[in-house]
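Examination of the molecular architecture
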Amino acid sequence: MSAKLTVIKDDITQLEVDAIVNAANSSLQGGGGVDGAIHRAAGPDLKAYCAKLGGCPTGEAKISPGFDLPATNIIHTVGPVWHGGEDNEAEQLANCYRNSLALAARHHLKTIAFPGISCGVYGYPIEQACQIAVNTVSEETARYDDIRKVIFCAFDDQLQEALLEALSGMQYH
Ligand code: ADP
């Protein structure tokens, strides 16, 4: 049975799930946007833990505990910076979702929440990013029995609407 995909508008740092995904940068040492919010909410032990992970290339994923977060784990992935679409951005963004879910499955996690990876300062066009997010998660979760629920967590109306649109498009295919 494939996992249930849902869209919510919320602060991802407040979610009680097995893992939230962080749209990190390759140093894994924190930054702005959702990354900064996650580091603030998880507390300083997160930065110390991440220092030992040796960074993370674009499209790949690493896992840490959630520390002070309600979420048990954090999966850190690094989205592509948008350079106009001719720089392998789509494949790299899909890889973020693929590798995050593969890591979640390896750790037998059942509930995972994603932010809009690359949809902030990395500048990925929102509709295209949501299409990739929804298509990739829907394909990949069919391969993993453990994963029961994937939440797309938007922080604003624009992302929430684009995610809902992408998801409703899927259901009619
Ligand atoms: P990137 O560098 O990958 O673009 P950003 O953090 O700049 O990452 O933005 C990614 C997405 O995360 C954006 O859609 C932004 O609105 C959203 N975001 C920022 N803070 C939060 C939060 N606390 N919870 C959920 N989403 C958030």
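The structure we're discussing is the one just above.
The structure reproduced in this document is the subject of the present report. The structure displayed is predicted, hence computed values, not measured ones.

Details of the sheet that holds strand β3 (residues 61-65)
- Taken together, the six strands give an open sheet; going across it, the order is β1-β6-β5-β2-β4-β3, and neighbouring strands pair in mixed fashion. The outermost strands of the open sheet, each flanked by one partner alone, are β1 (4-9) and β3. The mean inter-strand angle of the sheet, taken between neighbouring strand axes irrespective of direction, is 25°.
- The strands that helix α1 (residues 33-42) touches are β2 (19-24) and β4 (73-78); relative to β2, the one it contacts most, it runs at about 130°.

As for the packing of aromatic side chains
- Evaluated as defined, the whole model comprises four aromatic pairs.
- Ring-pair connections join several aromatic residues into one group, and the members of that group are Tyr-97, Phe-114 and Phe-152.

As for the layout of surface pockets
- In this structure, the largest pocket occupies an estimated 590 Å³ of space.
- Breaking the lining of the largest pocket down by element, the ones donating at least two residues are β2, α1, β6 (149-154) and α5 (157-171).
- Looking at which element gives the most residues to the lining of the largest pocket, the answer is α1, with four residues.
- Its residues placed into classes, the lining of the largest pocket shows 14 nonpolar, 10 polar and four charged.

What to know about helix α3 (residues 89-106)
- Under the 1.5 Å per step criterion, the end-to-end length of α3 is 26 Å for 18 residues, consistent within 8% with the ideal 26 Å.
- Within α3, the full set of buried residues consists of Glu-89, Leu-93, Ala-94, Cys-96, Tyr-97, Ser-100, Leu-101, Ala-102, Leu-103, Ala-104 and Ala-105.
- Each element contacted by the buried residues of α3 is listed here: β2, β3, β4, β5 (111-114), α4 (126-141) and β6.
- One or two positions beyond α3, positive phi appears at His-108, with a value near 55°.

Comments concerning the site of the ligand
- Taken together, 15 residues sit near the ligand, with Asp-11, Ile-12, Val-34, Ser-118 and Gly-120 positioned nearest.
- Asp-11 places a side-chain nitrogen or oxygen 2.9 Å from a nitrogen atom of the ligand.
- A distance of 2.9 Å separates an oxygen atom of the ligand from a polar atom in the backbone of Ser-118.
- Protein chains shield 90% of the accessible area of the ligand, which is 570 Å² for the free molecule.
- Among the detected pockets, the ligand sits in the largest pocket.
- For the shell around the ligand, the element with the most residues is α1, which contributes three residues.
- Looking at the shell around the ligand residue by residue, the classes come out as nine nonpolar, four polar and two charged.

Side note on the environment of Leu-15
- Relative to the helices and strands, Leu-15 is located in the loop between β1 and β2.
- Of the residues examined, Leu-15 reaches a relative accessible area of 8% and is grouped as buried.
- For the pair formed by Leu-15 and Ala-166, sequence separation is 151 residues and the distance between their alpha carbons is 23 Å.
- When sequence neighbours within four positions are dropped, the list of residues in contact with Leu-15 reads Ile-8, Asp-10, Ile-20, Pro-70, Ala-71, Ala-113 and Cys-153.

Conventions used here
- Residues numbered from 1 in each chain as written.
- Predicted model: local features only at pLDDT ≥ 70, side-chain atom pairs only at ≥ 80, totals over all residues.
- Heavy atoms only, no water.
- Pairing = 2+ DSSP bridges.
- Helix = DSSP H or I, 4+ residues; strand = E, 2+ residues; numbered from the N terminus.
- Axes fitted to C-alpha atoms, helices over the stretch in contact; angles between N-to-C directions.
- Contact = heavy atoms within 4.5 Å.
- Phe/Tyr/Trp six-rings, centres within 6.5 Å; stacked < 30°, edge-to-face > 60°.
- 1 Å grid on protein atoms, 1.4 Å probe; cavity = no way out; pocket = protein on both sides within 12 Å on 5 of 7 lines; lining within 4 Å.
- Points joined across faces, edges and corners; volume = space filled by probe spheres on them.
- Nonpolar A, V, L, I, M, F, W, Y, C, P; charged D, E, K, R; others polar.
- Expected span 1.5 Å × (residues − 1).
- Buried < 20%, exposed > 50% of the residue type's maximum accessible area, 1.4 Å probe, protein only.
- Near = heavy atom within 4 Å.
- Polar contact = N/O pair within 3.5 Å; in protein donor to acceptor, adjacent residues only side chain to side chain.
- Areas by Shrake-Rupley, 256 points an atom, 1.4 Å probe, with all protein chains shown as cover.
- Sits in = over half its atoms within 2 Å of the grid points.

Treat this as a map of the structure, not an account of what it does.
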